[in-house]
Amino acid sequence: MTIDRKAAIAAYKERKTVAGIFVVRCAASGEAWVGQAPNLETIQNRIWFTLRQGGHPCRSLQAAWKAHGEAGLTFGECERLEDEKSAYVRNALLKERMLHWQAELKAEAI
């Protein structure tokens, strides 16, 4: 392995991730889905991938994707959490904030 490759791998492992709450909305139906993610940077790609494959576990979201397509859905961030060292505390905060946003937006959990 070259030094550049080792440095790139080390930098990747040390990168900061931002945990938070996100919302997926369907403009046509007015539906909304709220979820939590340990890394907001990558969650949209993961959700869109499972929707394209037809295997997303949230059936109502999958149905909205099938009816309106990718262009019919939007992804947005509701809240970013402060950097938390403890995974236990971060997960508890994510659950608490997700319930808040779910009630606030009258959205289904994903």
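Residues numbered from 1 in each chain as written. Predicted model: local features only at pLDDT ≥ 70, side-chain atom pairs only at ≥ 80, totals over all residues. Heavy atoms only, no water.

Peer 1: I tried to follow the pairing of strand β2 (residues 32-37) on my own but got confused; where do I start?
Peer 2: The element β2 is extensively covered by neighbouring structure, given that five of its six residues are classed as buried. Pairing geometry for strand β1 (residues 20-26) and β2, over six bridges, is antiparallel. When the sheet's bridge partners are listed, I21 is paired in β2 with Q36. Connecting β1 to the next strand, β2, in antiparallel fashion are five residues, including G30 with a positive phi near 80 degrees. Where β2 lies against strand β4 (residues 108-109), two bridges are found, and the strand directions are parallel. Opposite W33, over in β4, you have E108 as the bridge partner. (Buried < 20%, exposed > 50% of the residue type's maximum accessible area, 1.4 Å probe, protein only. Helix = DSSP H or I, 4+ residues; strand = E, 2+ residues; numbered from the N terminus. Pairing = 2+ DSSP bridges.)

Peer 1: Just checking my understanding: could you explain the environment of E77 for this structure?
Peer 2: Mapped onto the secondary structure, E77 falls in strand β3 (residues 73-80). Separated by 54 residues in the primary sequence, E77 and V23 have C-alpha atoms spaced 6.2 Å apart. Aside from chain neighbours lying at most four places away, what touches E77 is I21, F22 and L40. (Contact = heavy atoms within 4.5 Å.)

Peer 1: Help me understand the packing of aromatic side chains, please; the structure alone is not making it clear to me.
Peer 2: Two numbers describe a pair of aromatic rings. These are the distance of the centres and the angle of the planes. Under the criterion given, the structure shown has three aromatic pairs. Between the aromatic rings of F22 and F75, the centroid separation amounts to 5.4 Å while the plane-to-plane angle is 25 degrees, which identifies the pairing as stacked. Linking F22 in strand β1 with F75 in strand β3, this pair joins segments that are 53 residues apart in sequence. For F22, a relative accessible area of 2% gives the class buried. A residue is classified by how much of its surface remains accessible, and F75, at 21% relative accessible area, is partly exposed. When the centroid spacing of 6.4 Å and the interplanar angle of 90 degrees are considered together, the rings of W48 and F75 count as edge-to-face. Residue W48 is found in helix α2 (residues 40-53), and its partner F75 is found in strand β3; the two are separated by 27 residues along the sequence. On the basis of relative accessibility, which here comes to 5%, the residue W48 falls in the buried class. (Phe/Tyr/Trp six-rings, centres within 6.5 Å; stacked < 30°, edge-to-face > 60°.)

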